[in-house]
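Structural overview
Chain residues, written in single-letter form:
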Amino acid sequence: MSLLIDGIGELFTADDEGTVHYDAALVIEDGKIAWVGHRLNRPAADEYLDLDNRAVIPGFVDSHAHLVFAGDRSGEFDARMRGEPYDGGGIRTTVTATRQASDERLRENCARLTAEMLRQGTTTVEIKSGYGLTVEDEARSLRIAREFTAETTYLGAHTVPSGTDPDEYTALAAGPMLDACAPHAKWADVFCERGAFDGDQARAVLTASAKAGLGLRVHANQLTEGPGVKLAVEVGAASADHCTHLTGADVDALANSSTVATLLPGAEFSTRSPYPDARRLLDAGARVALATDCNPGSSYTSSMAFCIALAVREMGMTPAEALEAATAGGADALRRTDVGRIAVGARADLVVLDAPSFVHLAYRPGTPLTHAVVHGGSVVSSSAAKSSAAKSSAE
């Protein structure tokens, strides 16, 4: 069964650095994009949908999220808004709550957040562990995450549990914990930062994870300048995430590598920290992605649109650059070519906006602009259902 989507006022394909097409149409067949072009050249299809001049963008690709957790840290947020600095220590609060929670409770919370993301247009999401920090709890976090996405990340090296020797915990994270978690993970990540894991410790976990067949990611340079970005490039990580405090050498390393700089402006918003300089990275030639960093402590947002607005307002990105980073950039950070773009052969993941242009994502921050979400060719969320429906094509 094929579906012709017509009446697209503006189509942002992200297939060639954010190409924008007008008076466009596209055909979906078997869950994939089968044709894209000008509406005057549209082919026949089994069903027809007129979008009445609305904009269409690729489904968002959120390549950094922490969704398997329990507990609430709104008090911590309130304290920061009253002037207390962020130091990353609140992770242990969530670890305690997560360890005490049942599988059912963790599953329900993850389902709630992924559904919330999908309603807002996120059709691909990466989910990390990292709030268990025991062999058993890290493994169960990944088993639960795998129920919601194929993009699961082992983050046993998130922080060192209280009362634990850092080197002994590093050996655990690079050994028995990794062995238990690797069957449920696609990626491995390390928080390489002061108060977490230093360069040598992070390298040990990443090296062992690569030997176990996992792709690599790094939490890098969030709180200070440090070895995280250089380490990510050295080990061939798909992504260095945060990249808030960068030296010139860090920028050059990213620009001359395949490692994507994944920026997480929700974290800076929530912690009142300086925002990453996306303009500097882009002008140097680095590949940039945007993600939510959805987590209960430092960035409790599931909205990629909100992150786009922050990137435009605070990080020097144009609306087109920010949207491209939130779609194709996120796909590159996951080393995916089948999502994040509207191109023939790609998975049919689309967001229809209640707006004539994608620029409205930054122009109207905080406004619910999602008219419909198409995931794998199926309409999974739609405010359009009451006013627009697919009908047999007569053309």
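Conventions adopted
All residue numbers here refer to positions counted from 1 along the written sequence of the relevant chain. Where local features are concerned, this predicted model is filtered to residues with pLDDT of at least 70; where side-chain atom pairs are given and counted, the filter is 80 or more; whole-chain, interface and lining totals use all residues. Based on all heavy atoms of the structure, the side-chain values leave hydrogens and waters out of the count. The salt bridge definition used is simple: a Lys or Arg side-chain nitrogen within 4 Å of an Asp or Glu carboxyl oxygen. Each helix is a run of H or I in the DSSP string that is no shorter than four residues. Each strand is a run of E no shorter than two, and both are numbered from the N terminus. Burial status follows relative accessibility: with a 1.4 Å probe on protein chains alone, a residue under 20% of its type maximum counts as buried, one over 50% as exposed, and anything between as partly exposed. One bridge is not enough; two strands pair if DSSP finds at least two bridges between them. Contacts are assigned to residue pairs with any non-hydrogen atoms lying within 4.5 Å of each other. Angles here are taken between N-to-C directions and fall from 0 to 180 degrees, while the axes themselves are lines fitted to C-alpha atoms, restricted in helices to the stretch in contact.

1. Quick look at the pattern of salt bridges
- Taken as a whole, this structure holds 23 salt bridges when the rule is applied.
- The closest approach of N and O atoms between Arg54 and Asp354, which form a salt bridge, is 2.9 Å. Here Arg54 is found in strand β4 (residues 47-58), whereas its partner Asp354 is found in the loop between β14 (350-353) and α14 (360-363), with 300 residues between them in sequence.
- The class for Arg54 is buried, based on a relative accessible area of 18%.
- Linking Asp283 and Arg279 is a salt bridge whose minimum nitrogen-to-oxygen distance equals 3.1 Å. Here Asp283 and its partner Arg279 are both found in helix α11 (residues 278-284), 4 residues apart, which amounts to about one turn of the helix.
- With relative accessibility at 57%, the residue Asp283 sits in the exposed group.
- With a relative accessible area of 25%, Arg279 lands in the partly exposed category.

2. Describing the sheet that holds strand β10 (residues 215-220)
- Reading across from one edge, β7-β8-β9-β10-β11-β12-β13 is the order of the 7 strands in this open sheet, with parallel pairing throughout. Edge positions in the sheet fall to β7 (127-128) and β13 (288-290), since each has one partner strand and no second.
- Both strand β12 (residues 260-263) and β13 contribute to a ladder of 3 bridges, which runs parallel. Bridge pairing links Thr262 to Ala289 in β13.
- Against the sheet, helix α4 (residues 135-146) makes contact with β7 and β8 (152-157), and its axis sits at roughly 165° relative to β8, the strand it touches most.

3. A look at the environment of Thr114
- On the secondary structure map, Thr114 appears in helix α3 (residues 103-119).
- Of the residues examined, Thr114 reaches a relative accessible area of 15% and is grouped as buried.
- A sequence separation of 258 residues divides Thr114 from Ala372, and the C-alpha atoms of the two residues are 16 Å apart.
- Beyond its immediate sequence surroundings of up to four residues, Thr114 is in contact with Leu67, Val125, Ile127 and Phe148.

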